[in-house]
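Residues per chain, in single letters:
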Amino acid sequence: MKSVVIERPGELVLADRPLPEPATGEVRVKVQFASICGSDVHIWHGHNPFAKYPRVIGHEFFGVIDALGDGVASTRLGERVAVDPVVSCGHCYPCSVGRPNVCKELQVTGVHRDGGFSEYAVVPAANAYRLPDAIPDRLASLIEPFTIAANITAFLKPQQQEVALIYGAGPMGLTAIQVLKNVYHVEQVLVVDRLPQRLELALQNGADRVFNNAEVPLAAQLEGVQPTLIIDAACHPTILAEAVALASPAARIGLLGFSGEPCSLTQQSLTSKELSLFTSRLNSHRFPQVIEWMEKGLIQPEKLVTHYFPLHDIERAMTLFEKDPRTCCKVILQMH
């Protein structure tokens, strides 16, 4: 089978690999579509501190179960499935409180173990979620990105009367817009980014107002409006301090970022307004929720997709995704 392998940082190859066999409790998925995420690019360039090499990348993927390990019901053969990349131990403290996404022995498919940029992938049966017919094959790999928005909003508990501010109109910011507007019915969703094309996408995905802070600071443009809920989906280390300064008293701030750079905050800036700060990594069992949202038409993943590529064009697809954020949003690979 053909698999996209990062042999070592900087070295991407489309390799021939033997067909994997599922172990006990696992299924083999014949992958049909997989979508590219920024973290895939980071692994390619050696910027993901969690990745182990060599690695078959890809954690957003969809396919059909074509082989079963011992202990898996025979009825699962042929199921259309989306795969949750969070593989957890099930018995540590985080797992015991419903937070498998920060399991002490966490393995992320496509990061710590081989992923879905491959013609076939082996995954735990419990991580392969059967999909209703209403979700088309070509969009099913986008369930995983929406679980990121599902996870942070579960912490933030958005209310209808919020003034929500989202930093960043990339794929993560766009999924957050859709979830805030269409699931939680938030009345005002404001979005800030430095690319006009991305701000246009934000409007198409439901943003009420957009701001370009490339030259004029956001504070000057908000004219005293104080957001009650803020999501940082851009993840530059300077953003948190600005968000804290702009936030309404009693606001909630959600961080999706993984920057290793320090940022500067005072306790006073947080405590004086009694701000709540939430962080979110991956997702904790959010696949069923997002599948239901998609089945009901509450979210529109097609609004994120700008390109489809065949698997053999992987390097071109990854490069476009990385280098051209003006015209490129979600890029989906077709495996077969």
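Everything discussed here concerns the structure shown above.
A brief look at the structure comes next. Bear in mind the structure is a predicted one, so any value in this text is a computation, not a measurement.

1. Overview of the sheet that holds strand β2 (residues 11–16)
If you walk across this open sheet you meet the 3 strands as β2-β1-β4, and the pairing is antiparallel. Each end of this open sheet is capped by a strand with a single partner; those strands are β2 and β4 (55–56). For strand β1 (residues 2–8) and β2, the ladder comprises 6 bridges, and the chain directions are antiparallel. Counted as the bridge partner of K2 is D16 from β2.

2. What to know about the packing of aromatic side chains
Aromatic ring pairs: the centre-centre distance and the angle between the two ring planes describe each pair. Under the counting rule described, the total for this entry stands at 4 aromatic pairs. Taken together, a centroid distance of 6.3 Å and an interplanar angle of 80° make the contact between F33 and Y308 edge-to-face. Of this pair, F33 sits in strand β3 (residues 26–35) while Y308 sits in strand β17 (residues 305–310); the two residues are 275 residues apart in sequence, bridging distant segments of the chain. Taking NZ or CZ as reference, R138 lies 3.9 Å from the ring centre of Y308, over its face. The ring of F50 has R281 lying over it, and the distance from NZ or CZ to the ring centre is 4.4 Å.

3. A word on unusual backbone geometry
Cis geometry is adopted by the peptide bond preceding P54, which originates at Y53 and carries an omega value of -10°. Despite not being glycine, L282 shows a phi value in the positive range, around 55°.

4. Focus: the sheet that holds strand β14 (residues 229–232)
Read from one edge of the open sheet, 6 strands run β13-β12-β11-β14-β15-β16, paired in parallel fashion. Only two strands of the sheet have a single neighbouring strand rather than two, namely β13 (209–212) and β16 (276–279). Taking the axes of each pair of neighbouring strands and ignoring which way they run, one obtains an average angle of 15° across the sheet. Alignment of strand β11 (residues 163–167) against β14, held across 4 bridges, turns out to be parallel. Bridge pairing links L165 to I230 in β14.

5. Comments concerning the environment of H91
Topologically, H91 is positioned in the loop between β7 (86–87) and α2 (93–96). On the basis of relative accessible area, H91 is assigned to the exposed category, the value being 61%. Along the primary structure H91 and C103 are separated by 12 residues, whereas in three dimensions their C-alpha atoms are 8.7 Å apart.

6. A short note on helix α4 (residues 171–183)
The end-to-end C-alpha distance of α4, which contains 13 residues, comes to 17 Å, matching closely the 18 Å that a straight helix rising 1.5 Å per residue would cover. Across the 13 residues of α4, 11 count as buried, placing the element largely inside the fold. All of the buried residues in α4 are P171, G173, L174, T175, A176, I177, Q178, V179, L180, K181 and V183. H185 occupies a position one or two residues after α4 and carries a positive phi of about 60°.

7. Regarding the pattern of salt bridges
Here the idea is simple: oppositely charged side chains can pair when their charged atoms come close. The final tally for this structure, using the stated rule, is 15 salt bridges. E60 is the partner of K330 in a salt bridge, and the nearest nitrogen-oxygen pair spans 2.9 Å. Of this pair, K330 sits in strand β18 (residues 330–334) while E60 sits in the loop between β4 and β5 (61–68), and the two are 270 residues apart along the sequence. Owing to a relative accessible area of 2%, K330 belongs among the buried residues under this scheme. For R316, the salt bridge goes to D313, with nearest N and O atoms at 2.9 Å.

The rules we used
- Starting afresh in each chain, residues are numbered from 1 along the sequence in its written order.
- It should be noted that, the model being predicted, local features are given only for residues of pLDDT at least 70 and side-chain atom pairs only at 80 or more, the latter also being counted only at that level, while totals for whole chains, interfaces and linings use all residues.
- Values reported for side chains reflect all heavy atoms of the structure, with hydrogen atoms and water molecules removed beforehand.
- Being paired, for any two strands, means DSSP has found at least two bridges between them.
- Numbering of helices and strands runs from the N terminus; a helix is a DSSP stretch of H or I covering at least four residues, while a strand is a stretch of E covering at least two.
- We call Phe, Tyr and Trp rings a pair once their centres come within 6.5 Å, taking the six-membered ring for Trp, and we label the pair stacked below 30 degrees between planes, edge-to-face above 60, and tilted otherwise.
- Sitting over a ring, as applied to charges here, requires NZ of Lys or CZ of Arg to be within 6 Å of the ring centre and within 35 degrees of the ring normal.
- The axes used here are C-alpha line fits, helices contributing only the stretch in contact, and every angle between their N-to-C directions lies in the interval 0 to 180 degrees.
- Here's how the labels work: a residue is buried when its accessible area is under 20% of the maximum for its type, exposed when over 50%, partly exposed in between, all with a 1.4 Å probe on protein chains only.
- The span expected for a helix works out to 1.5 Å for each residue beyond the first.
- By salt bridge we mean one thing: a side-chain nitrogen of Lys or Arg within 4 Å of a carboxyl oxygen of Asp or Glu.

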